[in-house]
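Reading the structure
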Amino acid sequence: MEEFLTPCTMKNGLNNYLKKKSYEGATQNELFQVLTEEGHQDGTLPLNRTVKEVMDTWSLQSGFPLVRVTKSSKNRIFVTQERFVKDVKYSKESTLDPHDLWTIPVAVATADNPDFDDLTPDFWIEKDVRFKSIEGYDTTKWILLNADAAGYYRVLYDDTLLNLLLDQLNNDPTVISVVSRSQLIDDYFTFWVHKFIQVEDTLQLTKYLGHETEAVVWTTVFSHLRPILNKVSDTLTFNAFRSYLAPKLIQALTLIGFEQLPHHNGTNVILRSELLDWACSLQHARCLTYASKLFSEWHASPGMNPIPVDIRSVVYCAALANGDADTFAAALTMYKSLSTSGIDKSLLFVAFGCANDANFIIP
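Okay, so let's go over this structure.

About the thresholds
- Residues numbered from 1 in each chain as written.
- Predicted model: local features only at pLDDT ≥ 70, side-chain atom pairs only at ≥ 80, totals over all residues.
- Heavy atoms only, no water.
- Phe/Tyr/Trp six-rings, centres within 6.5 Å; stacked < 30°, edge-to-face > 60°.
- Helix = DSSP H or I, 4+ residues; strand = E, 2+ residues; numbered from the N terminus.
- Buried < 20%, exposed > 50% of the residue type's maximum accessible area, 1.4 Å probe, protein only.
- Lys NZ or Arg CZ within 6 Å of the ring centre and 35° of its normal.
- Core = buried A, V, L, I, M, F, W, Y, C linked by side-chain atoms within 4.5 Å.
- Contact = heavy atoms within 4.5 Å.
- Pairing = 2+ DSSP bridges.
- Axes fitted to C-alpha atoms, helices over the stretch in contact; angles between N-to-C directions.
- Salt bridge = Lys/Arg side-chain N within 4 Å of Asp/Glu carboxyl O.

1. Looking at the packing of aromatic side chains
One pass over the full model with this rule turns up 18 aromatic pairs. Judged by centre distance (6.0 Å) and plane angle (50°), the ring pair of Trp58 and Trp102 falls under tilted. On the criterion of sequence distance, the pair formed by Trp58 in helix H4 (residues 51-59) and Trp102 in the loop between helix H5 (91-94) and strand E3 (104-106) is long-range, its members being 44 residues apart. Comparing Trp58 with Trp102 shows no difference in burial state: the two are buried. Aromatic side chains Tyr188 and Phe191 sit 5.4 Å apart centroid to centroid with 80° between the ring planes, which places their arrangement in the edge-to-face category. In this pair, Tyr188 and Phe191 are both assigned in helix H7 (residues 178-193), 3 residues apart and thus about one turn of the helix distant. Feature note: the residues Phe64, Phe84, Tyr152, Tyr188, Phe191 and Phe196 constitute an aromatic cluster, connected by ring pairs. Between the NZ or CZ atom of Arg49 and the centre of the ring of Trp124, over which it lies, the distance is 4.0 Å. Its end group placed over the ring of Tyr244, Lys248 keeps NZ or CZ at 3.8 Å from the ring centre.

In structure tokens:
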């Protein structure tokens with residue numbers, strides 16, 4: 001509601017509602033009525049539309065929509081809505097029920113107007129409309145629906161429109177907002193998992209990741225790739241997975257700074273830790289060398305740990321996973337010398353489980 005009413009209208013409407021209904025019971029329709037009045041007064045909600053008409057399609061039925069977008073002509077797109085289901089074979093069946101539709105406010109960003117701040121709807125898909133033709137969009141350039149993930153729905157593009165978005169991501173991803181980049185990746189991995197598209201279509205959206213420096217996006221990527229890594233880690237496919245992903249991790253690490261320095265702070269510290277964790281898990285030589293170097297420095301001067309706190313768990317695990325018997329013995333010696341209540345003792349204890357050699361057994 002906040003996105004199609006605007007934050008200001010939403011805030012004013014809620015204030016009026018709380019004053020009007022203070023110390024009284026209330027229903028959602030009464031809230032919707034107050035918000036409608038505020039939206040009409042502020043001019044943020046068309047006079048022929050009410051909040052109740054919009055929100056009843058969201059609050060009185062389960063699920064959420066899938067919006068498909070296709071190029072119709074040089075200046076026209078064609079959009080459809082259907083209930084998003086987790087098995088594509090039931091997708092067509094779900095569209096047969098006339099009640100499985102929503103009133104959808106659609107905010108759009110384009111190559112000509114890449115505005116991800118103004119999220120007021122550029123057009124609406126009505127609850128009784130499955131198919132809609134929209135004019136005024138140059139389909140020779142990228143078009144992105146649900147700008148900044150303002151709406152609760154997924155968007156699937158045809159090949160032509162998707163390729164235009166991919167070109168922008170590969171050339172300069174920062175033109176598209178962080179949230180929209182994350183949403184695109186989340187949508188397409190979800191579409192692949194539920195068999196709407198092939199894995200090749202999904203992986204196209206990961207080709208640019210070497211230029212990605214935002215933790216929000218990488219968090220989405222890792223949440224989808226973790227189950228895949230778990231499945232392929234002990235198979236022949238692992239080498240292909242590593243060859244594809246590791247260079248992107250290292251490229252992103254290079255952009256934000258491979259090594260963590262004392263003055264580093266903020267989300268890049270968290271992102272660096274995640275990227276290093278993945279790079280070392282994929283056995284990238286530069287990451288393993290860095291972890292081994294830091295671990296050796298700590299062993300040489302155990303009284304002062306030079307390993308940044310935020311990456312200690314990564315370094316300990318990588319050093320023990322790829323070290324030899326001497327490395328394991330050194331870690332065990334340091335473990336025994338550490339304070340029982342210290343964080344390093346707990347991190348090292350967990351890291352012993354990373355060792356790959358069964359002969360490394362704690363006596």
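2. Overview of the nonpolar core
One finds Leu145 and Tyr157 to be the most contacted residues of the largest nonpolar core, which totals 109 residues. Beyond its immediate chain neighbours, meaning those up to four positions away, Leu145 contacts Val67, Val69, Ile77, Val79, Val106, Ala107, Val108, Phe123, Val155 and Tyr157.

3. Here we look at the side chain of Thr36
By secondary structure assignment, the location of Thr36 is in helix H3 (residues 28-42). Residues within four places of Thr36 in sequence aside, it is in contact with Leu45, Arg49, Thr50, Val51 and Lys52.

4. Digging into the side chain of Asp344
By secondary structure assignment, the location of Asp344 is in helix H15 (residues 343-351). Looking at Asp344, the relative accessible area reads 12%, which means it is buried. Residue contacts for Asp344: discarding those within four places in its chain leaves Asn305, Arg312, Tyr316 and Leu338.

5. Thoughts on the sheet that holds strand E2 (residues 76-83)
In spatial order, the strands read E6-E2-E1-E8; together these 4 strands make up an open sheet with mixed pairing. The open sheet has two free edges, formed respectively by strand E6 (131-135) and strand E8 (154-157), since each of these has just one partner strand. Put simply, the sheet's adjacent strands are angled 25° from each other on average, direction ignored. In the sheet, strand E1 (residues 65-73) pairs with E2 via 8 bridges, with the strands oriented antiparallel. From the neighbouring strand, Ser73 faces E2, where its bridge partner is Arg76. Of the strands in this sheet, E1 and E8 are in contact with H7, which crosses E8 at around 75°.

6. Remarks on the pattern of salt bridges
On inspection of all chains with the given rule, the structure shows 12 salt bridges. In this structure, Asp56 and Lys52 form a salt bridge, with 2.7 Å as the shortest nitrogen-oxygen distance. Of this pair, Asp56 and Lys52 both sit in helix H4, separated by 4 residues, roughly a single helical turn. We classify Asp56 as buried; its relative accessible area is 18%. The residue Arg154 makes a salt bridge to Asp187 at a minimum N-O spacing of 2.7 Å. Note that Arg154 is positioned in strand E8 and Asp187 in helix H7, a separation of 33 residues in sequence.

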